[in-house]
Amino acid sequence: MNGRVVLERFPAGGPRGSWPAEEFARARRQEGQRAEVVMDLASDAFLVIVREAEEAPAAA
């Protein structure tokens, strides 16, 4: 499965010098999650996501 879980979304038009999505993702990484920030162009927002782990194929 190649999915993702959206942890939080932040509007792209934040105050100058402010990176709330990056700060949120950094805090989640410090908790052990593999959080990353991606841009959702359709909604003009930054998403903090965690990609779902791909399952290994079962042995035949």
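Right, let's walk through the structure included here. Please read all numbers here as calculations on a predicted model, not as lab measurements.

Side note on the overall build of the protein
Then comes step 1: Secondary structure assignment for the protein yields 1 helix and 3 strands.
Then comes step 2: The order of α-helices and β-strands along the protein, N terminus first, is β-α-β-β.
Then comes step 3: Each of the 60 residues in the protein was classed as buried or not, and the buried ones make up 20%.
Then comes step 4: Expressed as a percentage of contacts within the protein between residues at least 6 apart in sequence, the contacts between residues at least 24 apart total 55%.

A look at the pairing of strand β2 (residues 35-40)
Then comes step 1: Both β2 and strand β3 (residues 45-51) contribute to a ladder of 6 bridges, which runs antiparallel. Bridge assignment links E36 to a residue of β3, and that residue is I49.
Then comes step 2: Adjacent in sequence and paired antiparallel, β2 and β3 are bridged by 4 residues, among which D44 carries a positive phi angle near 50 degrees.

A closer look at the nonpolar core
Then comes step 1: Core analysis: the largest hydrophobic core is formed by 6 residues, namely F10, A21, A25, A35, V48 and V50.
Then comes step 2: If you list the elements that add at least two residues to this core, you get α1 (20-30) and β3.
Then comes step 3: The residues touching A25, leaving out its near neighbours within four places in the chain, are A35, V37 and V48.

Remarks on the pattern of salt bridges
Then comes step 1: With the rule as written, the count across this model stands at 2 salt bridges.
Then comes step 2: Its salt-bridge partner being R28, residue E31 comes within 3.0 Å of it at the nearest N-O pair.
Then comes step 3: For E31, a relative accessible area of 55% translates into the label exposed.
Then comes step 4: Residue E36 is joined to R51 by a salt bridge in which the shortest nitrogen-to-oxygen separation is 3.1 Å. One end of the pair, E36, is in strand β2; the other, R51, is in strand β3, with 15 residues separating them in the sequence.
Then comes step 5: The partly exposed category is assigned to E36, whose relative accessible area is 28%.

What counts, and where the lines are drawn
Residues numbered from 1 in each chain as written. Predicted model: local features only at pLDDT ≥ 70, side-chain atom pairs only at ≥ 80, totals over all residues. Heavy atoms only, no water. Helix = DSSP H or I, 4+ residues; strand = E, 2+ residues; numbered from the N terminus. Buried < 20%, exposed > 50% of the residue type's maximum accessible area, 1.4 Å probe, protein only. Contact = heavy atoms within 4.5 Å. Pairing = 2+ DSSP bridges. Core = buried A, V, L, I, M, F, W, Y, C linked by side-chain atoms within 4.5 Å. Salt bridge = Lys/Arg side-chain N within 4 Å of Asp/Glu carboxyl O.

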